[in-house]
Amino acid sequence: MRWIHAMGAVALLGAVTAAARPADASPTREQYRLFRALSIDLQGRIPLPDEIAAFERPGFDLDAWIDQHLQGAAYAERLRRVYLDALRLE
């Protein structure tokens, strides 16, 4: 069942464009929820205070943030662990 949670990032990516905000507007509650869910799916943890502060700054590029976390070995390693846990027979 844990692998279903990892697939949540894929489902949430479709909502990113709908949650885009103007550069001068504060994030809405729904955008905070989306950012938190993306952080959990992409990093395996809730966002740190400095990540939230960056998210709240005007002009924050959520698409670039997502791309940054999808690249590299950390995300691939996290998914590998999730799928290996799902495939374990014990």
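Keep in mind it's a predicted model, so treat the numbers as computed, not measured.

Topic: the packing of aromatic side chains
Next, step 1: Counted under the stated rule, the structure contains five aromatic pairs.
Next, step 2: Among the aromatic residues, ring-to-ring pairing joins Tyr 32, Phe 35, Phe 55, Phe 60 and Trp 65 into one connected group.

A word on the pattern of salt bridges
Next, step 1: Tallied over the entire structure, the rule returns five salt bridges.
Next, step 2: For Arg 80, the salt bridge identified is with Glu 77, shortest N-O distance 3.0 Å. Of this pair, Arg 80 and Glu 77 are both found in helix α6 (residues 73-87), three residues apart, which corresponds to roughly one turn of the helix.
Next, step 3: Note on Arg 80: relative accessible area 44%, which makes it partly exposed.
Next, step 4: Under the relative-accessibility criterion, Glu 77 is labelled partly exposed at 33%.
Next, step 5: Residue Arg 88 is joined to Asp 85 by a salt bridge in which the shortest nitrogen-to-oxygen separation is 2.8 Å.
Next, step 6: Looking at Asp 85, the relative accessible area reads 31%, which means it is partly exposed.

Some words on the environment of Leu 62
Next, step 1: With respect to the secondary-structure elements, Leu 62 resides in helix α5 (residues 62-70).
Next, step 2: Sequence separation between Leu 62 and Leu 38 is 24 residues, and the spatial gap between their C-alpha atoms is 10.0 Å.

Points about the nonpolar core
Nonpolar side chains in soluble globular proteins tend to be buried together.
Next, step 1: Counting residues in each nonpolar core, the largest one holds 10 residues, listed as Leu 34, Phe 35, Leu 38, Leu 42, Phe 55, Leu 62, Trp 65, Ile 66, Tyr 75 and Leu 79.
Next, step 2: Counting residues per element, this core draws most heavily on helix α3 (residues 29-43), at four residues.

Regarding the packing of α3 against α5
Next, step 1: Packing of α3 against α5 brings their axes to within 10 Å, and their N-to-C directions diverge by 15°. The angle between α3 and α5 places the two elements in the roughly parallel class. Crossing geometry of α3 relative to α5 is assigned as right-handed. Where α3 abuts α5, its residues Leu 34, Phe 35, Leu 38, Ser 39, Leu 42 and Gln 43 lie against Leu 62, Trp 65, Ile 66, His 69 and Leu 70.
Next, step 2: Considered class by class, the residues forming the contact of α3 with α5 number eight nonpolar, three polar and no charged.

Criteria and cut-off values
Residues numbered from 1 in each chain as written. Predicted model: local features only at pLDDT ≥ 70, side-chain atom pairs only at ≥ 80, totals over all residues. Heavy atoms only, no water. Phe/Tyr/Trp six-rings, centres within 6.5 Å; stacked < 30°, edge-to-face > 60°. Salt bridge = Lys/Arg side-chain N within 4 Å of Asp/Glu carboxyl O. Helix = DSSP H or I, 4+ residues; strand = E, 2+ residues; numbered from the N terminus. Buried < 20%, exposed > 50% of the residue type's maximum accessible area, 1.4 Å probe, protein only. Core = buried A, V, L, I, M, F, W, Y, C linked by side-chain atoms within 4.5 Å. Axes fitted to C-alpha atoms, helices over the stretch in contact; angles between N-to-C directions. Parallel < 35°, antiparallel > 145°, perpendicular 65-115°, else oblique. Left-handed = near helix turned anticlockwise from the far one by under 90°. Contact = heavy atoms within 4.5 Å. Nonpolar A, V, L, I, M, F, W, Y, C, P; charged D, E, K, R; others polar.

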